[in-house]
Amino acid sequence: MKYAVLTLLLLFTLVSCNKEEKSEKENIKEVPVKEPIVVEFGFTLNDFMVVNDTVKSGDTFGTLMDKHDLGKYKVHDITEKARDSFNFKDIRAGRPYTILKSKKAPNTVQVFIYQPDNIHYSVIDLRDSIVAYRNQKPITIKRRTIATEIESSLSETLSKAGVDASLAQNLADIYAYSVDFFKIQKGDKFAVTFNEKYISDTIYAGVESLEASFFEYKGKKIYAFPFKQDTTAKKVNYYDEEGKVLKTMFLKAPLKFGFRISSKFSTRRFHPVQQRFKAHNGTDYAAPSGTPIITTATGVVEKTGYTAGNGNFVKVKHNSTYSTQYLHMSKILVRQGQRVSQGDVIGKVGSTGLATGPHVCYRFWKNGVQVDALKQKLPNSIPMDAKYKPRFMAEMTPLKKELDSIAAIKFKK
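Computed from a predicted model, the values in this text were never measured in an experiment.

## As for the overall build of the chain
Phase 1 of the analysis: Within the chain one finds six helices and 24 strands.
Phase 2 of the analysis: Per-residue burial for the chain yields a buried fraction of 40% across its 413 residues.
Phase 3 of the analysis: The long-range fraction of contacts in the chain, counting pairs at least 24 apart against all pairs at least 6 apart in sequence, stands at 62%.
Phase 4 of the analysis: For the chain, the computed accessible surface area is about 23800 Å², with 52% contributed by carbon and sulfur atoms.

Shown next as structure tokens:
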């Protein structure tokens, strides 16, 4: 009897527990998961059917729209009303576009968005009337300083530091008058403070601007600080820590950086074609055929032509003292009497005339005599006006201090 009572009590307890559990489960309501709100290009994408695609070869705005319902509009109506704000000819293969369609049938197109580059976008809004405009994604500027040593080339060294390759070209342009990038060596040091662009704070978009730098070349630090004497001017010049302009009358070389000197100026060099010793009155820069050759200073094209030894050549007169000549071109791109500015492309590297391979022989005249371009002390451009010097020094001093302190820590290791 005792065991029967205990059994009944146990069964009663189990039934009660099951009822309580069932009651608790009935009271628990499923909470719907909220769809994350996605805002892009100024639109809440959750409100639309979103079509993301890429322009294919041969596509036009018309062919892209042919695949979709435009509702009350025709392609011609849209292109006529939007052409002042939307460049329909700029639609290029490989670029992304987005179409926002109504969620209600027949899912008519409400917005067309085209991205000509990674930052800017163009919009055609068809919801109320045809409205077109341009805009850009939010850009964040992040500042940093690096100090490092050349390992192989400037580009590769910067790449290893996680910096966009465009900074290498920026530095090469800034120091084109004071550093011969054909002569930089492993172990040469440099430091640079610069600003980088990020799209929506996360997507890297390259270098925005440079604030300060130094390049240790031939045992000397060459500083560069951007400065505008006229704050409204678009063009910026670069000055060293004493306010001396870096830009000189001549560039250091007739090619952009990244190539090599294959033969220097010499009074006695063994000629590889003629197989005898003779004077070599120029500096040879080896580069692939077709590489652009630039004039190292502003002047007037004195002569162009062809000779058996020089091949295709261009000679530029810069003033009553200086002239330069560029030999062995595959193609001449200027004519006699034409005025050229420093850095203009005047021809392409080749191997015409007496040449064993593609290169440009760069020759330099001073007072009618051919001299070694690499050993010349060349005149500077117009110096900084003295009245701007205090402002320059005030801006430059903290930048230099920051650059030097970071470099000191880095190179002490």
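## Describing the sheet that holds strand 11 (residues 220–227)
Phase 1 of the analysis: Sheet architecture is open: five strands sit in the order 8-9-10-11-12, paired in antiparallel fashion. A single partner strand is all that each edge strand has here, and the edge strands are strand 8 (139–149) and strand 12 (237–239). Direction aside, the axes of adjacent strands within the sheet are offset by 30 degrees on average.
Phase 2 of the analysis: Of the strand pairs in this sheet, strand 11 and strand 12 are connected by three bridges, and their pairing is antiparallel.

## Notes on the layout of surface pockets
Phase 1 of the analysis: Taken as a whole, the largest pocket spans an internal volume of roughly 640 Å³.
Phase 2 of the analysis: Considering the residues around the largest pocket, the lining is formed by 26 residues, among which Tyr-177, Ser-178, Lys-220, Ile-222 and Thr-248 are closest to the centre.
Phase 3 of the analysis: Where the lining of the largest pocket is concerned, the elements lending two or more residues are strand 11 and strand 23 (359–366).
Phase 4 of the analysis: With four residues, strand 11 is the single largest residue contributor to the lining of the largest pocket.

## Focus: the sheet that holds strand 6 (residues 120–125)
In any sheet, the strands associate via hydrogen bonds between backbone groups, in a parallel or an antiparallel arrangement.
Phase 1 of the analysis: Sheet architecture is open: five strands sit in the order 3-4-5-6-7, paired in antiparallel fashion. Both outer strands of the open sheet, strand 3 (49–54) and strand 7 (131–136), are each paired with one neighbouring strand and no more. Ignoring which end each strand starts from, the neighbouring axes of this sheet average 20 degrees apart.
Phase 2 of the analysis: Here strand 6 runs beside strand 7; their pairing, made up of six bridges, is antiparallel. Among the inter-strand pairings, His-120 is bridged to a residue of strand 7, identified as Gln-136.

## Some points on unusual backbone geometry
Phase 1 of the analysis: Backbone torsion omega between Ala-105 and Pro-106 reads 10 degrees, so that peptide bond is classified as cis.
Phase 2 of the analysis: With respect to the helices, strands and loops of the structure, Pro-106 is situated in the loop between strand 4 (96–101) and strand 5 (109–114).
Phase 3 of the analysis: A positive phi angle, close to 60 degrees, is found at Phe-41, a residue other than glycine.
Phase 4 of the analysis: At Ser-200, a position not held by glycine, the phi torsion is positive, near 50 degrees.
Phase 5 of the analysis: By the secondary structure assignment, Ser-200 is in the loop between strand 9 (189–199) and strand 10 (203–217).

## Regarding the pattern of salt bridges
Phase 1 of the analysis: Within this structure, the stated rule accounts for 15 salt bridges.
Phase 2 of the analysis: Residue Arg-143 is joined to Glu-211 by a salt bridge in which the shortest nitrogen-to-oxygen separation is 2.9 Å. Here Glu-211 lies in strand 10 and Arg-143 lies in strand 8, a separation of 68 residues in the sequence.
Phase 3 of the analysis: Put simply, Lys-160 and Glu-151 hold a salt bridge, and the shortest N to O gap is 2.9 Å.
Phase 4 of the analysis: For Lys-160, a relative accessible area of 62% puts it in the exposed group.
Phase 5 of the analysis: Residues joined in a network through salt bridges with shared partners are Arg-143, Glu-211 and Glu-402.

## Things to note about the pairing of strand 10
Phase 1 of the analysis: Bridge count for strand 9 against strand 10 is nine bridges, and the pairing is antiparallel. Pairing of Ala-191 across the sheet is with Phe-214, part of strand 10.
Phase 2 of the analysis: Turn length for the strand 9-strand 10 hairpin, with the two strands adjacent in sequence and antiparallel, is three residues, and the turn residue Ser-200 shows positive phi of about 50 degrees.
Phase 3 of the analysis: As paired strands, strand 10 and strand 11 are joined by five bridges and run antiparallel to one another. Residue pairing in the sheet places Phe-214 in a bridge with Tyr-223 of strand 11.

## Notes on helix 6 (residues 389–412)
Phase 1 of the analysis: With 24 residues, helix 6 ought to run about 34 Å at 1.5 Å a step, and its terminal C-alpha atoms sit 33 Å apart, in line with that.
Phase 2 of the analysis: Along its length, helix 6 reaches its greatest deviation from straightness, about 30 degrees, at Met-396, and the proline Pro-398 lies no more than four positions downstream.
Phase 3 of the analysis: By the burial criterion, the buried members of helix 6 are Phe-392, Met-396, Leu-399, Leu-403 and Ala-407.
Phase 4 of the analysis: Tucked inside the fold, the buried residues of helix 6 contact strand 8, strand 9, strand 10, strand 11 and strand 12.

The rules behind these values
- The numbers attached to residues start from 1 for each chain and follow its sequence in the written order.
- Where totals are concerned, whole chains, interfaces and linings use all residues; where local detail is concerned, this predicted model gives features only for residues with pLDDT of at least 70, and gives and counts side-chain atom pairs only at 80 or more.
- Hydrogens and water are ignored here; the side-chain numbers use all heavy atoms of the structure.
- We count a stretch as a helix when DSSP gives it H or I for four or more residues in a row; a strand needs E for two or more, and each element gets its number in order from the N terminus.
- Note on exposure labels: buried denotes an accessible area under 20% of the residue type's maximum, exposed denotes more than 50%, and partly exposed covers the range between, all computed with a 1.4 Å probe on protein chains only.
- Any two residues whose heavy atoms approach within 4.5 Å are treated as being in contact.
- Where accessible areas are quoted, they stem from the Shrake-Rupley method and a 1.4 Å probe; at the residue level, only the protein chains shown are allowed to cover.
- For two strands to count as paired, DSSP must find a minimum of two bridges between them.
- For helices, the axis comes from a line fit to the C-alpha atoms of the stretch in contact; other axes are also lines fit to C-alpha atoms, and the angle between any two N-to-C directions lies between 0 and 180 degrees.
- Lining residues are defined by having an atom within 4 Å of a point belonging to a cavity or pocket. Those points lie on a 1 Å grid over the protein atoms alone, cavities being sets where a 1.4 Å probe fits but cannot get out and pockets being open sets with protein on both sides within 12 Å along at least five of seven lines.
- Grid points are joined across faces, edges and corners, and a volume is the space filled by probe spheres set on the points.
- Basic side-chain nitrogens of Lys or Arg form a salt bridge, by our definition, when they fall within 4 Å of a carboxyl oxygen of Asp or Glu.
- Between the first and last residue of a helix there are one fewer steps than residues, each counted as 1.5 Å, and that sum is the expected span.
- A residue's bend is the angle separating two fitted axes: one through the seven residues that end there, the other through the seven that start there.

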